[in-house]
Amino acid sequence: MSNLNRETVLSVHHWTDTLFSFTTTRDPGFRFQNGQFAMIGLEVEGRPLLRAYSLVSPNFEDKLEFLSIKVKDGPLTSRLQHLAVGDNIIVGRKATGTLLLDNLTPGRNLYLLGTGTGLAPFMSIVRDHESYEKFEKVILVHGCRKAGELAYADRILTEFPQDEFFGEHISRQLLYYPTVTREPFRNRGRIPELLESGKLAADIGIPQIDPRRDRVMLCGSPAFLASLRAFLEIIGMEEGSQSEAGQFVVEKAFVER
Ligand code: A2P
């Protein structure tokens, strides 16, 4: 297990019967960039069972945080959902991923668009000073079926603006837009339609998305990514990668089981 660290669970929070998050200790040697993911999991029958999980916690924190679905017969999540304080998990020593500010060309506003657990990498990116140095506004949009699945909503709205390190940036530059599709809520609808119709821009009081000036990061289900990628390409945006920066970057919200 030389490429794996063993970490201890420090807290567990169940958001709904299908969604939970937890924090763990962090090996001081574990380094990552905000927006990246690591392989994490459990030892099952003497062997590591690992899946890719984005880091919710920003890279300056001394603990790690992860957001996960719970699937009753999912090989990893059926076990992981029973984690309790003091349990161990294993965390790969190398973090990776494409949702990096460096993979985007300079721009005006940064859109962070996620569905479900696709919110996770954006939780670290909105706590990165560089996001606010590089962009005028950071627009965090989280789409879920039900309001109870809008994980971290209270923390984003009430705790983040008070934070002694990044609170000022958040108060002035972060616009948070949670949206729900399957029950009444103050904002309703799927993210691609909200962008296309101009409703999102009107609701938060910013200009419509402009492919020449705005930049986008996407993380969510394959269906969501396909819809949004198609929209962004139609309006003329090009995807960026590690080798060449672009106008948008994409990551799958990995764990489906
Ligand atoms: P909807 O309720 O209309 O399916 P899921 O839990 O299935 O991953 O969905 C999370 C959120 O993503 C839901 O609000 C869902 O809306 C939305 N969604 C699902 N598929 C798409 C898609 N192809 N384009 C945009 N949003 C989608």
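It should be emphasised that the depicted structure is a prediction, and the values quoted were computed from it without experimental measurement. (Residues numbered from 1 in each chain as written. Predicted model: local features only at pLDDT ≥ 70, side-chain atom pairs only at ≥ 80, totals over all residues. Heavy atoms only, no water.)

Student: Pulling in residues and values, what's your account of empty space enclosed by the protein?
Tutor: Taken as a whole and assessed by the stated rule, the structure comprises 1 cavity of 30 Å³ or more. In this structure, the largest cavity occupies an estimated 90 Å³ of space. Lining the largest cavity, in full, are Ala 52, Tyr 53, Ser 54, Leu 67, Ser 68, Ile 69, Thr 117, Ala 120, Ala 253, Phe 254 and Val 255. Among the secondary structure elements, those contributing two or more residues to the lining of the largest cavity are strand S4 (47–54) and strand S5 (63–69). In terms of residue class, the lining of the largest cavity is made up of 8 nonpolar, 3 polar and no charged. (1 Å grid on protein atoms, 1.4 Å probe; cavity = no way out; pocket = protein on both sides within 12 Å on 5 of 7 lines; lining within 4 Å. Points joined across faces, edges and corners; volume = space filled by probe spheres on them. Helix = DSSP H or I, 4+ residues; strand = E, 2+ residues; numbered from the N terminus. Nonpolar A, V, L, I, M, F, W, Y, C, P; charged D, E, K, R; others polar.)

Student: If you had to explain the domain arrangement of the chain to someone new, which residues and values would you point to?
Tutor: Per the domain assignment, the segments making up the chain are domain 1 (4–92) and domain 2 (101–250). Inter-centroid distance (C-alpha atoms) of domain 1 to domain 2 is 24 Å. Of the roughly 1400 Å² buried where domain 1 meets domain 2, counting both sides, 62% is carbon and sulfur surface. Where domain 1 meets domain 2, there are 7 residue pairs in polar contact (both at pLDDT 80 or more). Examining the composition of the side of domain 1 that touches domain 2, we find that 5 residues originate from one element, S5, more than from any other. The class makeup of the residues in the side of domain 1 that touches domain 2 is 9 nonpolar, 8 polar and 2 charged. (Domains from an automatic or database assignment. Buried area = accessible area lost by both parts, 1.4 Å probe. Polar contact = N/O pair within 3.5 Å; in protein donor to acceptor, adjacent residues only side chain to side chain.)

Student: Any chance you could break down the site of the ligand for me, citing the residues and the numbers?
Tutor: In the region of the ligand, the neighbouring residues are Thr 115, Gly 143, Cys 144, Arg 145, Thr 181, Arg 182, Arg 190, Pro 192, Ser 221, Ala 223, Phe 224 and Ser 227. A distance of 2.8 Å separates an oxygen atom of the ligand from a polar side-chain atom of Arg 145. Residue Arg 190 places a side-chain N or O atom 2.8 Å away from an oxygen atom belonging to the ligand. Contact with the protein chains hides 79% of the accessible area of the ligand, taken as 550 Å² for the molecule alone. Of the pockets mapped on this structure, the ligand occupies the largest pocket. (Near = heavy atom within 4 Å. Areas by Shrake-Rupley, 256 points an atom, 1.4 Å probe, with all protein chains shown as cover. Sits in = over half its atoms within 2 Å of the grid points.)

Student: Describe the packing of aromatic side chains, listing the residues and the values that go with them.
Tutor: Counted by the stated rule, this structure contains 7 aromatic pairs. Judged by centre distance (5.0 Å) and plane angle (70°), the rings of Trp 15 and Tyr 152 are edge-to-face. Placement of Trp 15 in strand S1 (residues 4–16) and of Tyr 152 in the loop between strand S8 (137–144) and helix H4 (153–159) is noted, with a sequence separation of 137 residues between them. With relative accessibility at 1%, the residue Tyr 152 sits in the buried group. Measuring from ring centre to ring centre gives 5.7 Å for Phe 20 and Phe 22, while their planes differ by 25°; the resulting arrangement is stacked. Here a set of aromatic residues connected by ring pairs shows up, and it is made of Phe 20, Phe 22, Tyr 53 and Phe 66. (Phe/Tyr/Trp six-rings, centres within 6.5 Å; stacked < 30°, edge-to-face > 60°. Buried < 20%, exposed > 50% of the residue type's maximum accessible area, 1.4 Å probe, protein only.)

Student: Would you mind going over the layout of surface pockets in detail, with residue names and values included?
Tutor: The space that makes up the largest pocket amounts to roughly 830 Å³. Contributing to the lining of the largest pocket are 29 residues, with Thr 115, Gly 116, Gly 143, Arg 145 and Ser 221 lying nearest its centre. For the lining of the largest pocket, the secondary-structure elements that each account for two or more residues are S8, helix H6 (191–197) and helix H8 (222–234). Partitioned by chemical class, the residues of the lining of the largest pocket number 11 nonpolar, 11 polar and 7 charged. Two domains each provide a minimum of three residues to the lining of the largest pocket, namely domain 1 (4–92) and domain 2 (101–250). As a volume, the second largest pocket reaches approximately 240 Å³. His 13, Trp 15, Glu 65, Tyr 152 and Arg 155 are the residues nearest the centre of the second largest pocket, which is lined by 15 residues in total. For the lining of the second largest pocket, the elements supplying multiple residues, two or more each, are S1, strand S2 (19–25), S5 and H4. Looking at the lining of the second largest pocket element by element, the count peaks at 4 residues for S1. Two domains each donate at least three residues to the lining of the second largest pocket, and these are domain 1 (4–92) and domain 2 (101–250).

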